[in-house]
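Listed here are the chains, written in short residue letters.
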Amino acid sequence: KQWYQRRVRVDLILVSNTHKIGLLYVGPGQTNEVNILRNTYGSVRYVEFVKSLGDVIWLANCDQKTVYVGGLDTNGHDGDYTISWRDKTSQVVFHVATLMPQHDTDPTSTNKKRHIGNNFVTIVYNDSGLPYQQGTIKGQCNVCDIVITPQPNNMNLVYFHSVMKTKLTDL
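Residues numbered from 1 in each chain as written. Predicted model: local features only at pLDDT ≥ 70, side-chain atom pairs only at ≥ 80, totals over all residues. Heavy atoms only, no water.

So, about the overall build of the protein chain. Regarding its fold elements, the protein chain presents 4 helices and 7 strands. Taken from the N to the C terminus, the helices and strands of the protein chain come in the order α-β-α-α-β-β-β-α-β-β-β. Of all 171 residues assigned to the protein chain, the portion counted as buried reaches 40%. Of all intrachain contacts in the protein chain linking residues separated by at least 6 positions in sequence, the fraction that spans at least 24 positions is 58%. As displayed, the protein chain offers around 10,500 Å² of accessible surface, 56% of which is attributable to carbon and sulfur atoms. (Helix = DSSP H or I, 4+ residues; strand = E, 2+ residues; numbered from the N terminus. Buried < 20%, exposed > 50% of the residue type's maximum accessible area, 1.4 Å probe, protein only. Contact = heavy atoms within 4.5 Å. Areas by Shrake-Rupley, 256 points an atom, 1.4 Å probe, with all protein chains shown as cover.)

Here is the structure:
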């Protein structure tokens, strides 16, 4: 029986590189964590950007033996859908704040932050009209923000904020 239990656990290990990336929408004039995390929708350009990142997956229908969900609950607590990209060797799941439900009983969006704040990389779609400050969304693991700012003529300005919080030898 013990051998069988160990075998089952090994069978649940995905045979690909897995990554999770946070995705935030910053609306016009927004500058603080609570307002940004409470967004439940974004601009038309934001939606097009999100759709370009990968496939929409229905969390309730995911076979976690083959689809990496990056800790998202598949029973609806973290939303019904997310975005996923995959090829033969890698899978990326996006923790999309606007696809996660916003509950009145969670005024500071703690549930969204427990996912977004624990990703090494966060993509910030900045529609605020203001510079995005790294550290706006506080977390234990945030090392790199990729900030996308829409520009005229359907162009985007992309820049990176990166901070190494620990030495690689400490990991």
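From this point, things continue past the structure.
Moving on, we come to the pattern of salt bridges. Overall, the coordinates contain 3 salt bridges when judged by the stated rule. Across the pair Lys 113 and Glu 33 runs a salt bridge whose closest N-O atoms are separated by 3.2 Å. Of the two residues, Lys 113 sits in helix α4 (residues 110–116) while Glu 33 sits in helix α2 (residues 33–37), which places them 80 residues apart along the sequence. Owing to a relative accessible area of 25%, Lys 113 belongs among the partly exposed residues under this scheme. Here Asp 78 and Arg 114 are joined by a salt bridge, their closest N and O atoms 3.3 Å apart. A residue pair is termed long-range when its members are at least 10 positions apart, and Asp 78 in the loop between β2 (55–58) and β3 (81–86) and Arg 114 in helix α4 qualify at 36 residues. (Salt bridge = Lys/Arg side-chain N within 4 Å of Asp/Glu carboxyl O.)

For the rest of this paragraph, the subject is a nonpolar patch on the surface. On the surface, a nonpolar cluster with roughly 400 Å² of combined accessible area is contributed by Val 56, Trp 58, Tyr 81 and Leu 99. You can see Leu 99 is positioned in the loop between β4 (90–96) and α4. Residue classification places Leu 99 among the partly exposed positions, given a relative accessible area of 34%. (Patch = residues over 30% accessible without salt bridge, like charges linked within 9 Å, V, L, I, M, F, W, Y side chains within 5 Å.)

Below, the discussion takes up the sheet that holds strand β6 (residues 144–151). Within a sheet, adjacent strands bond to each other through the backbone by hydrogen bonds, running parallel or antiparallel. An order of β2-β3-β4-β1-β5-β6-β7 is seen for the 7 strands of this open sheet, with the pairing classed as mixed. Since the sheet does not close on itself, it has two edges, and those belong to β2 and β7 (155–162), each with one partner. Sheet twist, expressed as the average angle between the axes of neighbouring strands with direction ignored, equals 30°. Sheet topology places strand β1 (residues 17–26) next to strand β5 (residues 121–126); 6 bridges connect them, and they run parallel. By the bridge assignment for β5, Ile 21 is matched with Val 121. Sheet strands in contact with helix α3 (residues 44–52) are β1, β3, β4, β5, β6 and β7, and its direction is about 175° off that of β1. (Pairing = 2+ DSSP bridges. Axes fitted to C-alpha atoms, helices over the stretch in contact; angles between N-to-C directions.)

Let us look at the packing of aromatic side chains. Scanning the model with the defined rule gives 4 aromatic pairs in all. Each ring, one from Tyr 46 and one from Tyr 125, has its centre 5.6 Å from the other, and the planes form 65°; the classification is edge-to-face. Here Tyr 46, found in helix α3, pairs with Tyr 125, found in strand β5; they are 79 residues apart in sequence, far enough to count as distant. Given a relative accessible area of 3%, Tyr 46 falls into the buried group. The interplanar angle of 35° and the centroid separation of 5.5 Å between the aromatic rings of Phe 49 and Tyr 125 together place this pair among those described as tilted. (Phe/Tyr/Trp six-rings, centres within 6.5 Å; stacked < 30°, edge-to-face > 60°.)

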